[in-house]
Amino acid sequence: MDLDGDGHLDLISGSWPGEIFFFKGGPGRTFAAPVKLKYKTGKTINIGGGKRDGGYMILIAGDAKFEKDAKGKSIVLKFEKDAKGKSIVRYDGEDIVIPEGKQAGITGTASAVGTASAVHAVDWDGDGKIDLLIGDINGSVYLVPNEGTAKAFAFGKERTLEAGGKPIRVPGGDAGPFAADWDGDGKIDLLVGAGDGSVWFYRNIGTAKEPKLAAGVQIVKPGQATYGADAPKEPRRGVRAKVCAVDFKGDGRLDLLVGDFATQRPDRPEPTAEEKAKIDKAKTELDEVMQQYRKAVNKRSSKNVGKDKAEQEKDQKEILAIRKRMQELRKLVPPDYEEHGWVWHFERKPLEKSVSK
Ligand SMILES: [Ca+2]
Ligand SMILES: [Ca+2]
Ligand SMILES: [Ca+2]
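Owing to the predicted nature of the structure, the values given are computational and were not obtained by experimental measurement.

Conventions we followed
- Residues numbered from 1 in each chain as written.
- Chains lettered and ligands numbered in written order.
- Predicted model: local features only at pLDDT ≥ 70, side-chain atom pairs only at ≥ 80, totals over all residues.
- Helix = DSSP H or I, 4+ residues; strand = E, 2+ residues; numbered from the N terminus.
- Buried ≥ 20, exposed ≤ 12 C-beta atoms within 10 Å, placed from the backbone.
- Contact = placed C-beta atoms within 7 Å.
- Pairing = 2+ DSSP bridges.
- Axes fitted to C-alpha atoms, helices over the stretch in contact; angles between N-to-C directions.
- Core = buried A, V, L, I, M, F, W, Y, C linked by C-beta atoms within 7 Å.
- pLDDT = per-residue confidence, 0-100.

With that settled, the discussion passes to the overall build of the protein. A tally of regular secondary structure across the protein gives 2 helices and 25 strands. By the burial criterion, 29% of the 357 residues in the protein qualify as buried. Of the contacts formed within the protein by residues at least 6 apart in sequence, a portion of 53% connects residues at least 24 apart.

In structure tokens form, the structure reads like this:
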């Protein structure tokens, strides 16, 4: 995809918490450092993100930071109950002043939610300019129209894509849109990967220039991610499907590539009785050491005031020693499962009478 029409392929990526990153391509398939894409108004594209007022708390879903004072300290600590005075969070070139009595949170620092954007850059309305299709964590899909030129993109206000007369909401959220002429009728269609691992096809029943989508049809079933000892031994389709339709085999038919997030039990022999006893012993000690660690960290953070430097260093040393022991023990306890991201190839069959299976 050449978003800026300079003859070099570019890269684009969604993100957690939500901004869209553009990697400008150069000669020889090199790419510049990413920049956040903006609307033509100058605001950063982060649909559903940015500032949210949650009553007692202001949440910033985005690449924000707490402003520091002259001494380099955050003006107010996040989530402190007795936070006095105003704090300031800087987001997208703007200082967001958190009023007295309210707390502030930034995605990634606590339970604040981001928008988990997934993006596909494609000319959705056939006007020769590449638009953005953006999926979010709620399972919605948005069109961000390119209102600039083929060589100078300028993105207008997004609108929610509908299918069958209703806003798209894929099961399990985490929409990952991809547009291609899936049924080969000359009009672009929409495919969306879903949080539950399924993939949905939305047929364009409008025109190439004014797409209108029929209700979704599931073309790939949901996957599964099992966290724990019952994770599968063999690779198994996971969740959070991200799709790409491409003629992977070069036979003239569009195939489907589906990325996911999955778990797998490491391939190793069952432990002997002796090995199992060792593992169990290490697990028990690990539980104890983890408790010690929590205590030591609490002690350091709650009683730092009034301590002299030597005491603080002693605390720090203690924590480091516990952490080292934790690492040693973790090596003795084999993990129940590993996290994977597979890519699955769904080969398109010659007969295209039915798209669902
Ligand atoms: Ca380019
Ligand atoms: Ca367009
Ligand atoms: Ca089509």
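Let us keep going from here.
The strand order across the open sheet built from 3 strands is 1-2-5, with neighbouring strands paired in antiparallel fashion. Pairing within the sheet leaves two strands with one partner each, and these edge strands are strand 1 (11–13) and strand 5 (35–36). Where strand 2 (residues 21–23) meets strand 5, 2 bridges bridge the pair, whose relative direction is antiparallel. Among the inter-strand pairings, phenylalanine 22 is bridged to a residue of strand 5, identified as valine 35.

Read across the sheet, 3 strands follow the order 6-7-11 without closing on themselves; strand pairing throughout is mixed. In this open sheet, the two edge strands, each paired with only one partner strand, are strand 6 (50–53) and strand 11 (103–106). Pairs of neighbouring strands in the sheet enclose a mean axial angle of 20°, with direction left out of account. Strand direction decides the pairing type here: strand 7 (residues 57–61) and strand 11, joined by 4 bridges, are parallel. Within the sheet, the bridge partner assigned to leucine 59 lies in strand 11 and is glycine 105.

As a further point, take the nonpolar core. Membership of the largest hydrophobic core comes to 42 residues, with the highest contact counts inside it found for Leu132, Leu133, Leu191, Val192, Val199, Trp200 and Val243. Looking at this core, the elements that each hand over two or more residues are strand 12 (118–122), strand 13 (131–135), strand 14 (141–144), strand 18 (176–180), strand 19 (189–193), strand 20 (199–202), strand 22 (239–246) and strand 23 (255–264). With sequence-adjacent residues up to four places away left out, valine 192 is seen in contact with Gly135, Val141, Ile168, Val170, Ala175, Gly176, Pro177 and Trp200. Counting residues in hydrophobic clusters, the runner-up holds 9 residues, among them Ile60, Ala64, Ile98 and Ile106.

Glancing now at the confidence of the model for the protein. Detailed conclusions should not be drawn from predicted coordinates in areas where pLDDT is low. Residues at a pLDDT of 70 or more form 89% of the protein, whose mean pLDDT is 88. Here residues 75–83 is modelled with pLDDT under 50, and outside its nearest four sequence neighbours on either side it reaches 19 contacts, counting other chains as well.

To continue, consider unusual backbone geometry. Along the chain, tryptophan 16 connects to proline 17 via a cis peptide bond; the corresponding omega equals 15°. Looking at the secondary structure, you find proline 17 in the loop between strand 1 and strand 2. Its identity is not glycine, yet alanine 116 carries a phi of approximately 45°, on the positive side. Among the secondary structure elements, alanine 116 is positioned in the loop between strand 11 and strand 12. The backbone of aspartate 174 shows a phi angle near 55°, a positive value even though the residue is not glycine. Of note, aspartate 174 is situated in the loop between strand 17 (166–167) and strand 18. Looking at aspartate 174, the number of C-beta atoms within 10 Å reads 24, which means it is buried.

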